Amino acid sequence: MTAKPVVHLCEADVAEGLEEIVRQELRAKLGARVTLRRLPADQEQAGIVQFTYSGDVRALLGLKTAQAVYLVRRFAVPRPKALLGDAHFRAVLSMIALARSAQPDAYQSLYLSAAGSDSSVMTRLKRELAQRVNLPVAEAEGDLVIRVRPARATSREAGGWEVLVRLSPRPLATRAWRVCNFEGALNAAVAHAMALLTQPSAQDVFLNLACGSGSLLIERLAWGPARLAMGCDISAAALNCARQNLTASGFTAELWQCDARALPLASGSVDALCADLPFGHLVGSHAQNVALYPRILDEATRVARPGARFALITHEVRLTESLLGANCAWAVDRVLRVELGGLYPRIFVLRRAA
Ligand SMILES: C[S@@+](CC[C@H](N)C(=O)[O-])C[C@H]1O[C@@H](n2cnc3c(N)ncnc32)[C@H](O)[C@@H]1O
């Protein structure tokens, strides 16, 4: 008789608005080992994807569109104090052991996140856990992250408490390639989702307009090879940052300093484009964008071949909508409203008309 595989309940933190893309990545990468959990509509929470998974948890570390992945366990207890009881405490320790098994030497400190994390019960819980796993308690930003929260009652289960243990010492969206930090850099998991939205192909000539530190370019190449991958930005400092990140990523791409309003590219030569244009907050201003966006869009129209895909993220929603309304060269396939650091920019997914 073969042993039943262990099934882990997991939860992915996701940029709000990208839940479906994360579900698609889970299905594509992990296939039958994953079962997506759909909660009743009134209990679905934006920014969260729950699933069960049977298999080596290290495979979950390869997810590129999730911000972070946690192991989850629900305890049928009325108060968190009961988590200190022997059986529950050992169950939490075994979650921690499983999470740490993926990267055993990577953890330096334990951080417990919970409403009332300074209460006497939570303080005891984090101290006792830290002692048992032989790590110091971090008061902020530890790497072994444990969350404790009340569980929602469902039709099958009464409330109780849930413990979540993050599966990696840093969020998955914190990429090892980011050796140069750039103000206004795009979250790497969102950049990866945008690369997927271009329906990438190994035959693509790919262009990252206004590439900044290269997040979209590198995440496109993290998906897989392209015939040619290029990034352009007007700023030498941004390109210097992109060059460092690209080198750290191990991928190859062409980087040029040039104005996205006048690209050194033949008409109809690009198959897929991504851009994270200045939002007008940290980078640029609204007045500058009113002049800049139409010219960049016109130039993208010129270099894109018929049928080319273009994923564009911006917080200049009305401006972009009005430009696209007046520009019949691009059909709008989808518009995704995503949450990014408290802002709600849109990802416009465009297709170049024939
Ligand atoms: C929001 S940042 C892009 C950040 C990038 N996605 C990253 O992850 O680092 C916008 C970029 O647009 C560039 N930019 C602004 N005007 C430009 C233009 N006319 N041509 C090319 N790049 C331009 C800026 O230098 C800046 O790097």
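Preceding this paragraph is the structure being described.
Rules and cut-offs
Residues numbered from 1 in each chain as written. Predicted model: local features only at pLDDT ≥ 70, side-chain atom pairs only at ≥ 80, totals over all residues. Heavy atoms only, no water. Helix = DSSP H or I, 4+ residues; strand = E, 2+ residues; numbered from the N terminus. Rg over C-alpha atoms; globule rule 2.2 N^0.38 Å. Buried < 20%, exposed > 50% of the residue type's maximum accessible area, 1.4 Å probe, protein only. Contact = heavy atoms within 4.5 Å. Areas by Shrake-Rupley, 256 points an atom, 1.4 Å probe, with all protein chains shown as cover. Arc of directions from axis to C-beta. Core = buried A, V, L, I, M, F, W, Y, C linked by side-chain atoms within 4.5 Å. Domains from an automatic or database assignment. Pairing = 2+ DSSP bridges. Axes fitted to C-alpha atoms, helices over the stretch in contact; angles between N-to-C directions. Salt bridge = Lys/Arg side-chain N within 4 Å of Asp/Glu carboxyl O. Near = heavy atom within 4 Å. Polar contact = N/O pair within 3.5 Å; in protein donor to acceptor, adjacent residues only side chain to side chain. Nonpolar A, V, L, I, M, F, W, Y, C, P; charged D, E, K, R; others polar. Disulfide = S-S within 2.5 Å.

**Q** Could you clarify how one ought to interpret the overall build of the protein chain in this entry?
**A** Looking only at helices and strands, the protein chain features eight helices and 14 strands. Over its C-alpha atoms the protein chain spans a radius of gyration of 23 Å, differing by no more than 12% from the 20 Å that the globule rule assigns to 354 residues. Based on the C-alpha atoms only, the size of the protein chain along its principal axes is roughly 70 × 45 × 40 Å. Within the protein chain, buried positions represent 52% of all 354 residues. Once local pairs closer than 6 in sequence are excluded, the contacts in the protein chain between residues at least 24 apart make up 72%. Only carbon and sulfur atoms are counted for the fraction: they give 52% of the accessible area of the protein chain, which is about 16,300 Å².

**Q** Can you walk me through helix α8 (residues 317-326) in this structure?
**A** An α-helical turn contains 3.6 residues, so a residue and the one three or four places further along point in the same direction. Among the residues making up α8, those that are buried are Val-317, Leu-319, Thr-320, Leu-323 and Leu-324. Buried residues of α8, seen end-on, are gathered within an arc of 165° and therefore sit on one face of the element. Of the exposed residues in α8, those oriented more than 90 degrees away from the buried face are Arg-318, Gly-325 and Ala-326. Buried residues belonging to α8 abut α7 (286-303), β12 (304-314), β13 (330-337) and β14 (346-352).

**Q** Help me out: how do you make sense of unusual backbone geometry in this one?
**A** What you tend to see is this: most non-glycine residues have negative phi, and most peptide bonds are trans. With phi around 60°, Asn-134 is a residue other than glycine that occupies positive phi space. Locating Asn-134 in the fold gives a position in the loop between α3 (120-133) and β6 (144-150). Of note in the backbone geometry, Gln-199 takes a positive phi value of approximately 50° without being a glycine. Topologically, Gln-199 is positioned in the loop between α4 (188-197) and β8 (205-209).

**Q** How should I be thinking about the nonpolar core in this particular structure?
**A** A general trend in soluble globular proteins is that nonpolar side chains are found buried together. Leu-18, Phe-51, Leu-60, Val-69 and Ile-347 are the most contacted members of the largest nonpolar core, which totals 80 residues. Ranked by the residues each element gives to this core, the list is headed by helix α2 (residues 86-101), at seven residues. The two domains that each donate at least three residues to this core are domain 1 (8-166) and domain 2 (188-352). If sequence neighbours within four positions are ignored, Val-69 has contacts with Cys-10, Glu-11, Ala-12, Phe-51, Leu-60, Leu-63, Val-165, Arg-166, Leu-167 and Leu-172. Leu-263, Val-317, Trp-330 and Phe-348 belong to the second-largest nonpolar core, a separate cluster that totals 32 residues.

**Q** What is the right way to read the sheet that holds strand β7 (residues 161-166) from this model?
**A** Read across the sheet, seven strands follow the order β2-β3-β1-β4-β7-β6-β5 without closing on themselves; strand pairing throughout is mixed. Where the open sheet ends on each side, the last strands, each with one partner, are β2 (34-36) and β5 (110-114). Averaged over all pairs of adjacent strands, the angle between their axes in this sheet comes to 30°, without regard to strand direction. Both strand β1 (residues 8-13) and strand β4 (residues 68-75) contribute to a ladder of four bridges, which runs antiparallel. Looking at β4, one finds that Cys-10 is bridged to Leu-71. Lying on the sheet, helix α1 (residues 19-30) is in contact with β1, β2 and β3 (48-53); it crosses β3 at an angle near 20°. The strands touched by α2 within the sheet are β1, β4, β6 and β7, with β4 carrying the most contacts at an inclination of about 165°.

**Q** Even after reading the chapter, I still don't get the pattern of salt bridges, so can you show me in this structure?
**A** Where charged atoms of side chains with opposite charge meet at close range, the side chains can pair. With the rule as written, the count across this model stands at 19 salt bridges. The residue Glu-20 makes a salt bridge to Arg-23 at a minimum N-O spacing of 3.1 Å. Of this pair, Glu-20 and Arg-23 are both found in helix α1, three residues apart, which corresponds to roughly one turn of the helix. On the basis of relative accessibility, which here comes to 6%, the residue Arg-23 falls in the buried class. Across the salt bridge formed by Arg-124 and Glu-128, the nearest N and O atoms sit 3.0 Å from each other.

**Q** What is the right way to read the sheet that holds β12 from this model?
**A** Strand pairing in a sheet is mediated by backbone hydrogen bonds. Such pairs are either parallel or antiparallel. Taken together, seven strands build an open sheet; the order of strands is β10-β9-β8-β11-β12-β14-β13 and the sheet is mixed. In this open sheet, the two strands that pair with only one neighbour each are β10 (254-257) and β13. Taking the axes of each pair of neighbouring strands and ignoring which way they run, one obtains an average angle of 15° across the sheet. Contacting β12, β13 and β14, α8 crosses the sheet at an angle of about 15° to β14.

**Q** I'm lost on the site of the ligand in this one. Help?
**A** Neighbouring the ligand are 20 residues; Leu-186, Ser-213, Ser-215, Asp-233 and Asp-276 lie closest to it. For the ligand, an oxygen atom lies 2.5 Å from a polar atom in the side chain of Ser-213. Asp-276 has a polar side-chain atom sitting 2.8 Å from a nitrogen atom of the ligand. Considered on its own, the ligand offers 600 Å² of accessible surface; in the complex 94% of this is hidden by protein. When the residues that make up the shell around the ligand are grouped by side-chain class, the tally is 11 nonpolar, five polar and four charged.

**Q** Looking at this structure, how should I read the state of the cysteines?
**A** Think of a disulfide as a covalent bridge from one cysteine sulfur atom to another cysteine sulfur atom. Within this structure, the stated rule accounts for one disulfide. Cys-180 shares a disulfide with Cys-241; S-S distance 2.0 Å. Because the torsion about its S-S bond is -110°, the bridge between Cys-180 and Cys-241 counts as left-handed. Of the two residues, Cys-180 is situated in the loop between β7 and α4 and Cys-241 in helix α6 (residues 236-249); the sequence distance between them amounts to 61 residues. Both residues of the pair, Cys-180 and Cys-241, count as buried.

Coordinates in, geometry out; function isn't part of it.
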